[in-house]
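These are the residues of each chain, in order.
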Amino acid sequence: VDDLLATLISAIDGLKDSAINIRRQEVLEEIEQLERGEHPADGVNGLDEEMLHDINQPVETMTEVHVIGLSHHKAPVEIREKLAVAEAEWNRYAKELVEFARTPNGHMVPEVAVISTCNRFELYFSSPEMLQFSARQAVGAFLRQKSGLTREELDPYLFTYSGEKAI
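Residues numbered from 1 in each chain as written. Predicted model: local features only at pLDDT ≥ 70, side-chain atom pairs only at ≥ 80, totals over all residues. Heavy atoms only, no water.

Q: How would you sum up the overall build of the protein? Please name residues and give values.
A: Counting secondary structure elements, the protein contains six helices and six strands. Start at the N end of the protein and walk to the C end: the helices and strands fall as α-α-β-α-α-β-β-β-β-α-α-β. Of all 167 residues assigned to the protein, the portion counted as buried reaches 38%. By sequence separation, contacts in the protein at least 24 residues apart represent 70% of the contacts at least 6 residues apart. Surface exposure of the protein reaches about 10,100 Å², of which carbon and sulfur atoms provide 54%. (Helix = DSSP H or I, 4+ residues; strand = E, 2+ residues; numbered from the N terminus. Buried < 20%, exposed > 50% of the residue type's maximum accessible area, 1.4 Å probe, protein only. Contact = heavy atoms within 4.5 Å. Areas by Shrake-Rupley, 256 points an atom, 1.4 Å probe, with all protein chains shown as cover.)

Laid out in structure tokens, this is it:
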């Protein structure tokens, strides 16, 4: 019985990993469409609709915290300036990101905090655990849209941490 359970658990884990990899590829394709202007600019409407279709059901889910940012240690001033947000605009900027990452069924990024100084830029945000990959991709797309930089120009300078490493 133990061997049978171990085999079943292994098979389920394999199916889960396959489903996650397929969904990641779909999300990447949708983010690329968004960056090409093929989705409305008011949100990531198509992302995670399948995953969120039961969002109103009473399902226990964990919330994960993330940080995406850059600093003077790696990013040149020209890149940091394109992401800079005046302190008086931090709340507005955070609200824009929450709306950008909204789907018809809910928010992939329900909470955001902005820190922007001359030496660093950081976005701390939460996401439902099951949507963390999609949330990070949506935040990256938002940063590229706001900065006017391409993935190739911006991503080499960004750091991303999740969970305890984000704090």
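Q: Break down the environment of Arg-80 for me, with residues and values.
A: By the element assignment, Arg-80 lies in helix H3 (residues 77-83). The spatial distance from the C-alpha of Arg-80 to the C-alpha of Thr-117 is 9.1 Å, given a sequence separation of 37 residues. Not counting chain neighbours up to four residues away, the residues in contact with Arg-80 comprise Leu-70, Ser-71, His-72, Ala-75, Cys-118 and Asn-119. Engagement of the side chain of Arg-80 in a polar contact is seen with the backbone oxygen of Ala-75, the distance being 2.6 Å. (Polar contact = N/O pair within 3.5 Å; in protein donor to acceptor, adjacent residues only side chain to side chain.)

Q: Provide a residue-level description of the packing of aromatic side chains, including the pertinent values.
A: For the structure shown, the criterion picks out four aromatic pairs. Each ring, one from Tyr-93 and one from Phe-121, has its centre 6.1 Å from the other, and the planes form 85°; the classification is edge-to-face. Placement of the pair is Tyr-93 in helix H4 (residues 90-100) and Phe-121 in strand S5 (residues 120-128), with a sequence separation of 28 residues. The two residues Tyr-93 and Phe-121 agree in class, both being buried. Connected via pairs of aromatic rings, a cluster forms that spans Tyr-93, Phe-100, Phe-121 and Phe-142. (Phe/Tyr/Trp six-rings, centres within 6.5 Å; stacked < 30°, edge-to-face > 60°.)

Q: Residues and numbers for the sheet that holds strand S1 (residues 63-71), please.
A: Spatially, four strands are ordered S4-S5-S1-S6 in an open sheet, and the strand pairing comes out antiparallel. A single partner strand is all that each edge strand has here, and the edge strands are strand S4 (112-116) and strand S6 (159-162). Sheet twist, expressed as the mean angle between neighbouring strand axes with direction ignored, is 15°. By the bridge criterion, four bridges tie S1 to S6 in an arrangement that is antiparallel. (Pairing = 2+ DSSP bridges. Axes fitted to C-alpha atoms, helices over the stretch in contact; angles between N-to-C directions.)

Q: Can you tell me about the confidence of the model for the protein, naming the residues and giving the values?
A: In the predicted model, the protein carries a mean pLDDT of 82, and the fraction of residues at 70 or more is 81%. Note on residues 45-60: pLDDT is under 50 here. Beyond four places in sequence and across chains, it has 31 contacts. (pLDDT = per-residue confidence, 0-100.)

Q: Quick rundown of the nonpolar core? Include the residues and the values.
A: Judged by nonpolar contacts, the single largest core of 33 residues is most densely connected at Val-109, Val-112, Phe-121, Leu-123 and Leu-143. Every element with two or more residues in this core is listed here: helix H1 (2-35), S1, H3, H4, S4, S5 and helix H5 (132-147). Considering every element that reaches this core, the biggest residue donor is H5, with seven residues. In this structure, Phe-121 is in contact with Ile-68, Gly-69, Leu-70, Leu-83, Val-85, Tyr-93, Val-114, Ile-115, Ser-116 and Leu-143, ignoring residues within four places of it in sequence. (Core = buried A, V, L, I, M, F, W, Y, C linked by side-chain atoms within 4.5 Å.)

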